[in-house]
Amino acid sequence: MASTILLVEDDGTTRVGLTELMENAGYTVQAVGTFEEASRTLRSSPPDLLITDVRLGPFNGLQLVISSPTPIPAIIITGFADPVLESDARRRGAEYVLKPVDPAALLRLIEQKLATARASFGVPRRWDRKTVIGGLPAQIGEEPARILDVSYGGMRFEMAGASERTPPSSLWITFPSAQLTVQATLVWKSLIAGRTWLCGAALAADETTPEWLGLVDALS
């Protein structure tokens, strides 16, 4: 079955062009022009991937990622470089792409995001995952990291790095604010823009202690 992409673009010409590009590549595309239409679609029939412009009338396309009822891989497209917005998008696992968009590069990025999504979002979960607003600082070994979401059984995190500095398969993750360290196993990883690792990790059964469960329950 073809992957489904929700495209949110308020410019009609751009919306038609991107839709044709992705449909010709074999994807099923639902294209809408407003933030409200996109929000309804995310609630009623979540797609496999969200592609959205930043400026959607009075709204910001990144709000769709934040407010989605379920975690969703996303690509944010904008005509304006904004380091703060780009950093916020990447913290939430979204790609940040500047216009004009190269068609071949966009299709490669879509393929990459969908492949990552099949590993990180598409696996049936024993526990619900909770987004950590703003991210939670942590240490993975000696390296600083930021926890993006957690569940009783694991977490998703990001850390700086490059292809030659891949995260280890066995992780010791320390949460300084909670004075807690847990051991986890790396489940999947994806190098974003050549400088940030986006990863998922699962806790060993004996690490789901009352201290860890309490930390998960306290996060919002």
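Anything mentioned here points back to the structure above.
Conventions adopted
Residues numbered from 1 in each chain as written. Predicted model: local features only at pLDDT ≥ 70, side-chain atom pairs only at ≥ 80, totals over all residues. Heavy atoms only, no water. Helix = DSSP H or I, 4+ residues; strand = E, 2+ residues; numbered from the N terminus. Rg over C-alpha atoms; globule rule 2.2 N^0.38 Å. Buried < 20%, exposed > 50% of the residue type's maximum accessible area, 1.4 Å probe, protein only. Contact = heavy atoms within 4.5 Å. Lys, Arg positive; Asp, Glu negative; His and termini not counted. Charge placed at Lys NZ, Arg CZ, Asp CG, Glu CD. Pairing = 2+ DSSP bridges. Axes fitted to C-alpha atoms, helices over the stretch in contact; angles between N-to-C directions. Phe/Tyr/Trp six-rings, centres within 6.5 Å; stacked < 30°, edge-to-face > 60°. Lys NZ or Arg CZ within 6 Å of the ring centre and 35° of its normal. Core = buried A, V, L, I, M, F, W, Y, C linked by side-chain atoms within 4.5 Å.

A. Molecular detail of the overall build of the protein chain. Counting secondary structure elements, the protein chain contains 6 helices and 13 strands. For a compact globule of 220 residues, the expected C-alpha radius of gyration is about 17 Å, and the protein chain comes in at 18 Å, within 12% of that figure. Dimensions of the protein chain along its principal axes, counting C-alpha atoms only, are 55 × 35 × 35 Å. Buried residues in the protein chain amount to 45% of all 220 residues. By sequence separation, contacts in the protein chain at least 24 residues apart represent 57% of the contacts at least 6 residues apart. Across the protein chain, the 20 positively charged side chains and the 25 negatively charged ones have centroids separated by 1 Å.

B. The sheet that holds strand E1 (residues 4-8), seen in detail. Read across the sheet, 5 strands follow the order E2-E1-E3-E6-E7 without closing on themselves; strand pairing throughout is parallel. Of all strands in the sheet, those bounded by a partner on one side alone are strand E2 (28-32) and strand E7 (95-98). Here the strands of the sheet are splayed against their neighbours by 20° on average, with no regard to which way each runs. Strands E1 and E2 of the sheet are contacted by helix H2 (residues 35-44), whose axis makes an angle of about 160° with E1.

C. Spatial organisation of the packing of aromatic side chains. Applying the stated criterion across every chain yields a total of 2 aromatic pairs. Note on phenylalanine 35 and phenylalanine 59: the rings are 4.2 Å apart at their centroids and 10° apart in plane angle, and the pair reads as stacked. With phenylalanine 35 in helix H2 and phenylalanine 59 in strand E5 (residues 59-60), this pair connects stretches of sequence that are 24 residues apart. When the ring of phenylalanine 175 is compared with that of tryptophan 212, the centres are 5.7 Å apart and the planes differ by 45°; the resulting orientation is tilted. Linking phenylalanine 175 in strand E11 (residues 170-175) with tryptophan 212 in helix H6 (residues 210-218), this pair joins segments that are 37 residues apart in sequence. For the pair phenylalanine 175 and tryptophan 212, a shared accessibility class is recorded, and that class is buried. Residue placement shows arginine 55 over the ring face of phenylalanine 80; its charged tip is 4.1 Å from the ring centre.

D. Quick look at the sheet that holds strand E9 (residues 143-151). Spatial ordering of the closed barrel is given by E8-E9-E10-E13-E12-E11, a layout of 6 strands whose pairing is antiparallel. Going from strand to strand, the sheet's axes swing by 45° on average, the running direction of each strand aside. One ladder, built from 7 bridges, connects strand E10 (residues 154-160) with strand E13 (residues 196-203); its direction is antiparallel. Each residue of the ladder has a partner; that of alanine 160, found in E13, is threonine 196.

E. Structural view of the nonpolar core. In terms of nonpolar packing, the biggest core is built from 25 residues, with Ile147, Met155, Phe157, Ile173, Phe175 and Trp212 touching the most fellow members. Contributing elements (two or more residues each) for this core: strand E8 (130-140), E9, E10, E11, strand E12 (180-192), E13 and H6. Residues contacting phenylalanine 175, with those up to four places away along its chain left out, are Leu136, Pro137, Ala138, Ile147, Met155, Leu180, Val182, Trp212 and Leu215. The next biggest cluster of nonpolar side chains, apart from the first, holds 19 residues, and it includes Leu6, Ile72, Leu85 and Ala89.

F. Highlighting unusual backbone geometry. Each neighbour pair has its own omega, and for lysine 99 with proline 100 the value is -5°, a cis peptide bond. Looking at where proline 100 falls in the secondary structure, it is placed in the loop between E7 and helix H5 (103-120). Even without glycine at this site, glutamine 179 takes up a positive phi of about 50°. Turning to its location among the elements, glutamine 179 is positioned in the loop between E11 and E12. Residue classification places glutamine 179 among the exposed residues on the basis of a relative accessible area of 77%.

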